[in-house]
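Structural overview for review
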Amino acid sequence: MFVTPAYAEEAPATAVTHTETGVPHGAEHGKGVFPPFDHTTFASQLLWLVITFGVFYVLMQRVIVPRVGGILENRHDRIAQDIEEARRLKAESDAAVEGYEKELSAAKAKGVQIASAAREAAKAEAAAERKAVEAELAKKIAEAEASIAAMKAKAIAEVDTIATETVAVIVEQLTGKPLSAADAAAAVTAEKRG
């Protein structure tokens, strides 16, 4: 249940006038035309519309548009600088890549040249070493052949001596008479020729 305060119940029944508008209380509702559509206030409404539009136009023209234009121009300049910087960096990187590729191809060519030179030097060294080894082997072979020939001659000479001594011993044992070394040597020489 809702209880009304005592002072509200004792309110006078007479009409109260609003001090702001000068209209009696309760008389402002339902009477008259909506103020923007009241033809008696059109002139003042149009005047205030023109004044307000003019103030906003001047405010836009003098303050807002220059600031927005400045911001757009700054952004445009910054974007142009960034694009120019990107182009410069791209050109530098392209130049660096091109230089790297030139150095790489030069290094490859130099590597091929060094490998070829090393291969040729190794071939020449191997050929020189082979010739030295062949010359040394030929010298050793010649020395060996000379040594073999000397040994053969010595062996043959010793064979002749052994044969001469053997003939002398055999003849002495068979005949009982000693054979001279000259006769035994003549017999061995005659046998070799014959």
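Residues numbered from 1 in each chain as written. Predicted model: local features only at pLDDT ≥ 70, side-chain atom pairs only at ≥ 80, totals over all residues. Heavy atoms only, no water.

Some details on the overall build of the protein chain
Scanning the protein chain from N- to C-terminus turns up three helices and zero strands. The N-to-C order of helical and strand elements in the protein chain reads α-α-α. Here the protein chain, with 194 residues, has 2% of them falling under the buried criterion. Per element, the accessible surface of the protein chain, about 17,000 Å² overall, is 65% carbon and sulfur. (Helix = DSSP H or I, 4+ residues; strand = E, 2+ residues; numbered from the N terminus. Buried < 20%, exposed > 50% of the residue type's maximum accessible area, 1.4 Å probe, protein only. Areas by Shrake-Rupley, 256 points an atom, 1.4 Å probe, with all protein chains shown as cover.)

Regarding the UniProt feature "transmembrane region" (unreviewed entry) in the protein chain
According to UniProt, the feature "transmembrane region" (unreviewed entry) maps to residues 42-60 in the numbering used here. The span residues 42-60 shows a helical share of 100% and a strand share of 0%, and its end C-alpha atoms are spaced 26 Å apart. (UniProt positions renumbered as here; feature names shortened; annotations may be inferred.)

With respect to a nonpolar patch on the surface
Together, Phe 56, Leu 59, Met 60, Val 63, Ile 64, Val 65, Val 68 and Leu 72 give the surface a local cluster of nonpolar side chains, amounting to about 660 Å² of exposed area. Residue position: Val 65 is located in helix H2 (residues 42-175). Judged by its relative accessible area of 43%, Val 65 falls in the partly exposed class. (Patch = residues over 30% accessible without salt bridge, like charges linked within 9 Å, V, L, I, M, F, W, Y side chains within 5 Å. Salt bridge = Lys/Arg side-chain N within 4 Å of Asp/Glu carboxyl O.)

Overview of H2
For H2, with 134 residues, the first-to-last C-alpha span of 186 Å sits near the 200 Å given by 1.5 Å per residue. Considering bend angle alone, the principal kink of H2 is centred on Met 60 and spans about 45°. Backbone geometry just downstream of H2 places Gly 176 in the positive-phi region, at approximately 85°. (Expected span 1.5 Å × (residues − 1). Bend = angle between axes of the 7 residues up to and from the residue.)

Thoughts on the confidence of the model for the protein chain
Of the residues in the protein chain, 84% reach a pLDDT of 70 or more, and the chain-wide mean stands at 83. Highest mean pLDDT in the protein chain belongs to H2 (90); lowest belongs to helix H1 (residues 6-9) (52). (pLDDT = per-residue confidence, 0-100.)

Notes on the packing of H2 against helix H3 (residues 181-193)
Taken N-terminus to C-terminus, the directions of H2 and H3 make an angle of 115°; their axes are 8 Å apart at the nearest point. Considering only the axes of H2 and H3, their crossing is right-handed. Contacts from Asp 160, Ala 163, Thr 164, Val 167 and Ala 168 in H2 reach Ala 181, Ala 184, Ala 185, Val 188 and Lys 192 in H3. (Axes fitted to C-alpha atoms, helices over the stretch in contact; angles between N-to-C directions. Left-handed = near helix turned anticlockwise from the far one by under 90°. Contact = heavy atoms within 4.5 Å.)

Digging into the pattern of salt bridges
A full pass over the atoms with the stated rule returns six salt bridges. The residue Glu 134 makes a salt bridge to Arg 130 at a minimum N-O spacing of 3.5 Å. Taken together, the residues Glu 134 and Arg 130, both in helix H2 and four residues apart, mark about one turn of the helix. According to the relative accessible area criterion, Glu 134 is partly exposed, its value standing at 42%.

What about the packing of aromatic side chains?
Inspection of every chain in the model, using the stated rule, returns two aromatic pairs. On the numbers, 5.6 Å between centres and 55° between planes, the contact of Phe 34 with Phe 37 is tilted. Classification of Phe 37 by relative accessible area gives exposed; the value is 59%. With centroids separated by 6.4 Å and ring planes inclined at 25°, the aromatic side chains of Phe 53 and Tyr 57 adopt a geometry described as stacked. Of the two residues, Phe 53 and Tyr 57 are both situated in helix H2; the distance of four residues between them amounts to about one turn of the helix. Residue Phe 53 is classed as exposed on the basis of its relative accessible area, which comes to 57%. (Phe/Tyr/Trp six-rings, centres within 6.5 Å; stacked < 30°, edge-to-face > 60°.)

Examining the side chain of Thr 164
Mapped onto the elements, Thr 164 comes out in helix H2. By relative accessible area, which is 14% here, Thr 164 ends up buried. Those residues in contact with Thr 164, other than ones at most four positions away along the chain, are Ala 181, Ala 184, Ala 185 and Val 188.

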